[in-house]
Amino acid sequence: MATKLTNESEIDGESATAAVVGASGFAGGELLRLLSGHPGFEIAAATSRSRAGRSVGAVHPNLRGTGLRFSDPVDLDPVDVLFAATPHGVTTDHIDEFREGADLVVDLSADFRLDTPETYDEWYDGHDRPELVGEAVYALPELHREELPGADLIAGGGCNATAAIVGLYPLAEAGFLDGARVVVDVKVGSSEGGAGGGVASSHPERSGVVRPYAPTGHRHEAEILQEIDAEFDLSFTAHAVDMVRGASATCHVFPADGGPVEARDCWRAYREAYDEEPFVRLQAGGRGVYRYPEPKAVAGTNIAEVGFETDGDRLVVFSAIDNVGKGSAGQAVHAANVALGYPETAGLDFPGLHPVGAP
Ligand SMILES: NC(=O)c1ccc[n+]([C@@H]2O[C@H](COP(=O)([O-])OP(=O)(O)OC[C@H]3O[C@@H](n4cnc5c(N)ncnc54)[C@H](OP(=O)(O)O)[C@@H]3O)[C@@H](O)[C@H]2O)c1
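Calculation notes
- Residues numbered from 1 in each chain as written.
- Predicted model: local features only at pLDDT ≥ 70, side-chain atom pairs only at ≥ 80, totals over all residues.
- Heavy atoms only, no water.
- Near = heavy atom within 4 Å.
- Polar contact = N/O pair within 3.5 Å; in protein donor to acceptor, adjacent residues only side chain to side chain.
- Areas by Shrake-Rupley, 256 points an atom, 1.4 Å probe, with all protein chains shown as cover.
- Helix = DSSP H or I, 4+ residues; strand = E, 2+ residues; numbered from the N terminus.
- Nonpolar A, V, L, I, M, F, W, Y, C, P; charged D, E, K, R; others polar.
- Domains from an automatic or database assignment.
- Phe/Tyr/Trp six-rings, centres within 6.5 Å; stacked < 30°, edge-to-face > 60°.
- Buried < 20%, exposed > 50% of the residue type's maximum accessible area, 1.4 Å probe, protein only.
- Contact = heavy atoms within 4.5 Å.
- Salt bridge = Lys/Arg side-chain N within 4 Å of Asp/Glu carboxyl O.
- Pairing = 2+ DSSP bridges.
- Axes fitted to C-alpha atoms, helices over the stretch in contact; angles between N-to-C directions.

Asks: Quick question: what am I supposed to make of the site of the ligand here?
Replies: Close to the ligand lie 27 residues; Ser 24, Ser 48, Ser 50, Thr 86 and Ala 195 are nearest. A distance of 2.5 Å separates an oxygen atom of the ligand from a polar atom in the side chain of Ser 50. Measuring from an oxygen atom of the ligand, one finds a backbone N or O atom of Ala 195 at 2.6 Å. In isolation the ligand offers 890 Å² of accessible surface; the protein chains occlude 82% of this area. Going through the elements one at a time, helix H1 (26–36) and helix H10 (325–340) are the ones with two or more residues in the shell around the ligand. Of the residues belonging to the shell around the ligand, the class tally is 10 nonpolar, 14 polar and three charged. Here the shell around the ligand spans two domains, and each of domain 1 (16–156 + 325–340) and domain 2 (159–321) adds at least three residues to it.

Asks: Can you walk me through the packing of aromatic side chains in this structure?
Replies: Aromatic ring pairs are defined here through the distance separating the ring centres and the angle between the ring planes. Under the defined criterion, the tally for this structure stands at seven aromatic pairs. For the ring pair Phe 41 and Phe 83, a centre distance of 5.9 Å and an interplane angle of 70° mean the geometry is edge-to-face. Placement of the pair is Phe 41 in strand S2 (residues 41–47) and Phe 83 in strand S4 (residues 79–84), with a sequence separation of 42 residues. For Phe 41, a relative accessible area of 6% corresponds to the buried category. Measuring from centroid to centroid gives 5.3 Å for Tyr 292 and Phe 318, while their planes differ by 55°, and the two rings are tilted. Separated by 26 residues along the polypeptide, Tyr 292 in the loop between strand S12 (280–282) and helix H9 (295–298) and Phe 318 in strand S14 (residues 314–321) bring together distant segments of the chain. Looking at Tyr 292, the relative accessible area reads 24%, which means it is partly exposed.

Asks: What is the right way to read the domain arrangement of the protein chain from this model?
Replies: Put simply, an interface is often sized by how much accessible area is lost when its parts join up. What the domain assignment reports for the protein chain is domain 1 (16–156 + 325–340) and domain 2 (159–321). A separation of 24 Å is found between the C-alpha centroids of domain 1 and domain 2. Each partner contributes residues to the interface: domain 1 has 24 residues there, and domain 2 has 29 residues. Our enumeration of links across domain 1 and domain 2 arrives at four salt bridges. When the shortest N-O distance is used, the salt bridge between Arg 145 and Glu 277 registers 2.8 Å. Taken together, domain 1 and domain 2 are joined by 12 residue pairs in polar contact (both at pLDDT 80 or more). Within the residue set of the side of domain 1 that touches domain 2, elements represented by two or more residues are H1, helix H3 (117–124), helix H4 (141–144) and H10. The element best represented in the side of domain 1 that touches domain 2 is H10, accounting for six residues. Classifying every residue of the side of domain 1 that touches domain 2 gives seven nonpolar, nine polar and eight charged.

Asks: Which parts of the structure should I look at to understand the sheet that holds strand S3 (residues 70–71)?
Replies: Across a sheet, strands are paired by hydrogen bonds formed along the backbone, either parallel or antiparallel in direction. Across the sheet, which stays open at both edges, the seven strands sit in the order S3-S2-S1-S4-S5-S7-S6 with parallel pairing between neighbours. Edge positions in the open sheet fall to S3 and strand S6 (137–138), since each of these has one partner strand only. As defined by bridge partners, S6 adjoins strand S7 (residues 153–155) across two bridges and the pair is classed as parallel. Its bridge partner being in S7, Val 137 is matched across the sheet by Ile 154. H10 rests against strand S1 (16–21), S2, S4, strand S5 (102–107) and S7 of the sheet, and its axis sits at about 150° to S5.

Asks: Would you mind showing me how to read the pattern of salt bridges here?
Replies: Side chains that differ in charge, positive against negative, can pair when their charged atoms come close. Applying the stated criterion across every chain, the model contains 17 salt bridges. Among the ionic pairs, Arg 113 bridges to Glu 223, the shortest N-O distance being 3.0 Å. Residue Arg 113 is located in the loop between S5 and H3, and its partner Glu 223 is located in helix H7 (residues 220–227); the two are separated by 110 residues in the primary sequence. Looking at Arg 113, the relative accessible area reads 7%, which means it is buried. Residue classification places Glu 223 among the buried positions, given a relative accessible area of 1%. Between Lys 187 and Asp 185 there is a salt bridge whose closest N-O contact spans 3.4 Å. Connected through shared salt-bridge partners, Glu 30, Arg 33, Arg 245 and Asp 322 make up one network.

Structure, rendered in structure tokens:
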């Protein structure tokens, strides 16, 4: 059977130097894991203010043996690519020095994801550098492949938004979302809250939960509305569930004309959008235990699984990603590959694990 993973590992020329700012966090740790196995990057710096001087393996045990050490971000030397995996606001505060010190800045936070200062006013208490808003390319290559080559500022998407966007994008392209009502329900793992996630993410409190944590007004709605090119009515709710990695989006789509949307038309829409995509696989029905998109099946990868079922006036779309993979670090490396002209799958061309416990 054919596979879209191509094992492209040849990079012409010298490796690019990379710095990861915020390397002691979950997204930063995943960046280090991906970059350390990437044929086109040499990790020049992995920063943490609180752990400067300590070995990376002391924080990320999967990276023991790499020889990497944390450094203080004030000691950053110029690099080709700077990945920022820092909390909201940090990249905005440091954007001038980041851009002076790197040809390409890939920011994983929400700082430059939205296109207009007005949207930041509406969803994020404004923006401290409104003149720069709109300069970044949103990282998802499935939507922005043409704009990424040569970009100097890339904004990684939110993990919940990414899960919803990969599910809804083909329907918008096929015209099924115009005038539709769309209800998105995302279940997400605890690593979404970061290494300093606080009591809500502590093991005793998180274990066993299916906890609505953003029933209304989640900020990722802004990204979904921005990135999906259709006029539709969106309702969004997120639940914290008992996973470490993973985001699973269920999108209930009620078309404007009352439907039904035929399954064959949906298949056509998804195939047209994703047949050539190396990191999206369609998973709908079939046999076995895992018949629909499943976070466990993509844990540790940059793969998004997408599937759907039709149900009269409702179309239900499922998508699954790893929130620190396709939902942040994987997406960032994929976008950087496209920006630098590397093979798209470089450093990312591996499947997930099976069997595996709760990821
Ligand atoms: N976790 C996810 O699933 C996910 C998904 C998509 C996007 N993101 C985004 O990615 C970013 C990082 O998320 P995370 O979950 O990895 O967070 P995290 O685990 O809390 O890590 C944050 C990192 O930033 C560093 N940091 C904090 N304040 C800093 C500052 N002022 N200057 C320099 N470094 C600073 C921290 O180390 P020191 O304090 O030691 O410097 C740490 O290494 C966030 O913006 C988040 O929204 C995360």
